[in-house]
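These are the residues of each chain, in order.
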Amino acid sequence: MQQLTQLLKDGTMQIREVPFPALLPGHVLVRNHFSVISAGTEGKTVKDARLGYIGKARARKQEVKKVMDAIRTYGIRDTYRMVMNKLETPSPLGYSSAGQIIALASDVQDFKTGDRVACAGSSACHSEVISVPVNLCVKLKEEVALDEAAFTTIGAIAMQGIRQSDLRLGENSVVIGLGLIGQLTMQLLKAGGVHVVGIDVSEKAVTDTNRLFPGSAFSRNNPGLENSILQFTNGYGADAIIITAATNSTDPVDLAGQLARKKGKVVIVGAVPTGFERKNYYIKELDLRMSSSYGPGRYDSEYEEKGIDYPYSYVRWTENRNMQSFAELLAQKKIDIKSLITHRYPFEQAQNAYQLILDNNEWFRGIVLEYDVKKELNKNIELTDHIPVQSKVKAGLIGAGSFGQNFMLPSLKGQVQFEAVATARSNNAINIASRFGFAMATGNADEVINNEMVNTIFIATRHNTHAEYVIKALEKDKHVFTEKPLCLNEHELEIIKNTYAGSKALLMLGFNRRFAPIMEQIKNTFINSTPVSILYRINAGIVPSDHWVHDPETGGGRIIGEVCHFIDLCCFISESRVTHLSATAMEDPHNLHDTLTINLQFANGSIATIAYFSNGNKNLNKEYLEVFGYGNVAVLDDFRELTIYGKSKTHVKTTQDKGHKATITRFIKSIENGEPAPLSFDAIYHSTLVTFKVIESIRTNGASIQIDLP
């Protein structure tokens, strides 16, 4: 199938042949018939992408700040690689489309194949096939034309702005900004019995609006504008002003303050700054409100990704119910979409549509892309420029997010034969396949696991899928390297243990720190298997509470997702197994348990304290490790500086290397040489089990937990 993408690096736009997206739980696959280009939102995205690096920095100051923070954490070289990975990854465009369902996940109950639907969100992009969460998808009645239904998302944005205004039958309103959303807002208000006029800086927009609604639009440049609005409102001012303009000027917000009545409302729908003049808002005691996209549920992963609806009785209008309402108005012919469509393009000519927006030499409003729905589509992509590598390891990769692209793939390159890659997003799958020389790209992980050319599976997906893919690969007797964690609970751990016992394949977990080059110097400082004392402080930093890693079902939390690393390293340094542990976590409003201390006792008498703190300052180095034993002390500062205190003092400075490449290289060598994996399954099992027991100790108020050793 084909998808429209652009490079964030320079704005290069192309229609690419890509695999079908992954059909995730709670999703439906939709074959697009039509999609709509949002001239405001998408036009700005394209313009920003075509700016030079300095222009990009000015337009995205928050992103620059993130880059500077990354440099402090990862160094210039690795940060540069991560930034370029993002800039050189083709990104899809679009968020409003309509089509027909061609497949649905097994847990989807309210839809069936063949249903005609309108779709919303970033997944509703300009692509022949899209995978959409059920809460961003609504059924359409037969009398609704699909080209008109493709405007449903944009209509829901307009509708949510009106709901925020709380306008009632017979009240007066003003819409500032007469683009597509502004026009739909005016139509919706008129359909609801609200008196409305529109204002725009563009004389063409005003003329065009007056053609549709005679006498309903005024130019911002009209010197008598304020008097005209007073006359329209019988001298009181508007009950509510809805701003649908997009500008860097504060004029729309200032103007709204002038035109509103006392105690009136101003609702911001468009992208405008809010550093407005205080006078009118103060004197009139105006109510300034923001409208968030399509409505309640937007940007909430529980709602959008997991499909958990808000109770109807408490949240009457969610984003999905706004979409349903707009679709119903289309069915009742209450909204005139055809009058708003100024341009139609075949999907293959999508670049011309964006050039029309950028050139701005011709009047446009609603721009529709039309797809050839009779065309036969390919689910997977076979690449002809496959790069051969002499290696016994025939690699299949599942998942290629930030870690996969920045650490795993660079470590694998040149050491394995890349055969197949699967990612949930179509554009990412084909981009990775092309850059690294994979033979096949797909959106279906099972296609990689079942591929006869693949003998080794590398997993870099979100945590909740690790166990499933590990088990499936081991059942096929395929070697597995998975990024941590191995799984999310003890039940999954036992299934993996039993599956591994019956498999001929190797299993490796990405506990990379024990393979860091600098760790060998630390180990050589102490006598093998003699007791040591370990103090390991991690300045972990804050991860927002709504990040997926904190989700118990998806990420498992930071203890499972990251603390497992530090537990494993303590086991490695002590050369022993944990027999007893206790852990306590600082209380926090979200019960994240990401500021904690862990005390470990080992079978050989070693002890360790792990202090994992999320409440620190990012200017402090992340990791600080001290190991004490028989008169020797090793102090490791963030894997960059090692100081050893013994008969003499030794100080070593080095480039930060946490062992990512060494871990993968040693695993590859073990396959090629027919040797055991460099990290035994017993060690993987033990460190993972101890991690789960840490959570148990926290939940039992720091109780001491005994670990039974085999």
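Residues numbered from 1 in each chain as written. Predicted model: local features only at pLDDT ≥ 70, side-chain atom pairs only at ≥ 80, totals over all residues. Heavy atoms only, no water.

### Focus: the overall build of the protein
In terms of helices and strands, the protein carries 23 helices and 32 strands. The dimensions of the protein, computed from C-alpha atoms along their principal axes, are 90 × 60 × 50 Å. Taking all 710 residues of the protein together, 56% fall into the buried category. Restricting the contact set of the protein to residue pairs at least 6 apart, pairs at least 24 apart contribute 69%. On the protein, roughly 31300 Å² of surface is accessible, and the fraction owed to carbon and sulfur atoms is 50%. Each charge class in the protein was averaged separately, 76 positive and 76 negative side chains, and the resulting centres sit 4 Å apart. (Helix = DSSP H or I, 4+ residues; strand = E, 2+ residues; numbered from the N terminus. Buried < 20%, exposed > 50% of the residue type's maximum accessible area, 1.4 Å probe, protein only. Contact = heavy atoms within 4.5 Å. Areas by Shrake-Rupley, 256 points an atom, 1.4 Å probe, with all protein chains shown as cover. Lys, Arg positive; Asp, Glu negative; His and termini not counted. Charge placed at Lys NZ, Arg CZ, Asp CG, Glu CD.)

### Points about unusual backbone geometry
Residue Pro485 is bonded to the preceding Lys484 through a cis peptide linkage, with omega at -5 degrees. With respect to the secondary-structure elements, Pro485 resides in the loop between strand S22 (479-482) and helix H19 (490-501). Unusually for a residue other than glycine, Asp166 sits at a positive phi of about 55 degrees. Examined against the element boundaries, Asp166 turns out to sit in the loop between helix H6 (152-165) and strand S9 (172-176). The backbone phi angle of Phe639 is positive, close to 60 degrees, even though this residue is not glycine. Counting through the fold element by element, Phe639 comes out in the loop between strand S29 (632-637) and strand S30 (641-645).

### Overview of the packing of aromatic side chains
Tallied over the full model, the rule gives 13 aromatic pairs. For the pair Phe458 and Phe667, a centre-to-centre distance of 6.2 Å together with 85 degrees between the ring planes defines the contact as edge-to-face. You can see Phe458 sitting in strand S21 (residues 456-459) and its partner Phe667 sitting in helix H22 (residues 660-672), a full 209 residues away along the chain. For Phe458, a relative accessible area of 0% puts it in the buried group. According to the relative accessible area criterion, Phe667 is buried, its value standing at 0%. Between Tyr536 and Phe566, the ring centres sit 5.2 Å apart and the planes meet at 80 degrees, which makes this aromatic pair edge-to-face. Here Tyr536 is found in strand S24 (residues 533-539), whereas its partner Phe566 is found in helix H21 (residues 558-574), with 30 residues between them in sequence. Given a relative accessible area of 1%, Tyr536 falls into the buried group. Relative accessible area serves as the criterion here: at 0%, Phe566 is assigned to the buried category. The rings of Phe418, Phe436 and Phe438 are connected pair by pair, giving a single aromatic cluster. The lysine or arginine in question, Arg278, covers the ring of Tyr282, its NZ or CZ lying 4.3 Å from the ring centre. Positioned above the aromatic ring of Phe572, the side-chain terminus of Lys523 is 3.9 Å from the ring centre. (Phe/Tyr/Trp six-rings, centres within 6.5 Å; stacked < 30°, edge-to-face > 60°. Lys NZ or Arg CZ within 6 Å of the ring centre and 35° of its normal.)

### A word on H6
Taking 1.5 Å of rise per residue, the 14 residues of H6 would be expected to cover 20 Å, and the 20 Å separating its terminal C-alpha atoms lies within 8% of that figure. All of the buried residues in H6 are Thr152, Thr153, Ile154, Gly155, Ala156, Ile157, Ala158, Met159, Gln160, Gly161, Ile162 and Ser165. Looking one or two residues past H6, Asp166 carries a phi angle of roughly 55 degrees, positive in sign. (Expected span 1.5 Å × (residues − 1).)

### So, the pairing of strand S15 (residues 341-346)
As defined by bridge partners, S15 adjoins strand S16 (residues 366-370) across five bridges and the pair is classed as parallel. In the strand pairing of S16, His343 is matched with Ile367. Running through helix H14 (residues 350-359), the crossover from S15 to the neighbouring parallel element S16 is right-handed. (Pairing = 2+ DSSP bridges. Right-handed = clockwise from strand over helix to strand, strands pointing away.)

### Notes on the pattern of salt bridges
For the structure on display, the rule yields 31 salt bridges. Linking Lys263 and Glu285 is a salt bridge whose minimum nitrogen-to-oxygen distance equals 2.3 Å. Placement of Lys263 in strand S13 (residues 260-268) and of Glu285 in the loop between helix H11 (278-283) and strand S14 (287-290) is noted, with a sequence separation of 22 residues between them. Overall, Lys263 belongs to the exposed group, its relative accessible area being 52%. Arg640 is the partner of Asp638 in a salt bridge, and the nearest nitrogen-oxygen pair spans 2.8 Å. Three or more residues joined by partner-sharing salt bridges are found here, namely Glu302, Lys306, Asp551 and Glu553. (Salt bridge = Lys/Arg side-chain N within 4 Å of Asp/Glu carboxyl O.)

### Quick notes on the pairing of strand S19 (residues 417-422)
Counting buried positions along S19 yields six of six residues, so the element is predominantly enclosed. Across five bridges, strand S18 (residues 394-398) lies against S19 in parallel orientation. Bridge assignment links Ile398 to a residue of S19, and that residue is Ala422. In this view, the connection linking S18 to its parallel neighbour S19 by way of helix H15 (residues 402-412) has right-handed handedness. Here three bridges tie S19 to strand S20 (residues 440-442), and the two strands are oriented parallel to one another. Within S20, the residue paired with Val421 across the bridge is Ala441. On the question of chirality, the crossover connecting S19 to the parallel S20 by way of helix H16 (residues 426-436) is right-handed.

### Quick word on helix H18 (residues 466-475)
Taking burial as the measure, the ten residues of H18 include seven buried ones, the bulk of the element. Among the residues of H18, those classed as buried are His466, Ala467, Tyr469, Val470, Ile471, Ala473 and Leu474. Tucked inside the fold, the buried residues of H18 contact S18, helix H17 (445-449), S21, S22, H19 and strand S23 (507-509). Where H18 terminates, the next one or two residues include Asp477, which has phi positive at roughly 55 degrees.

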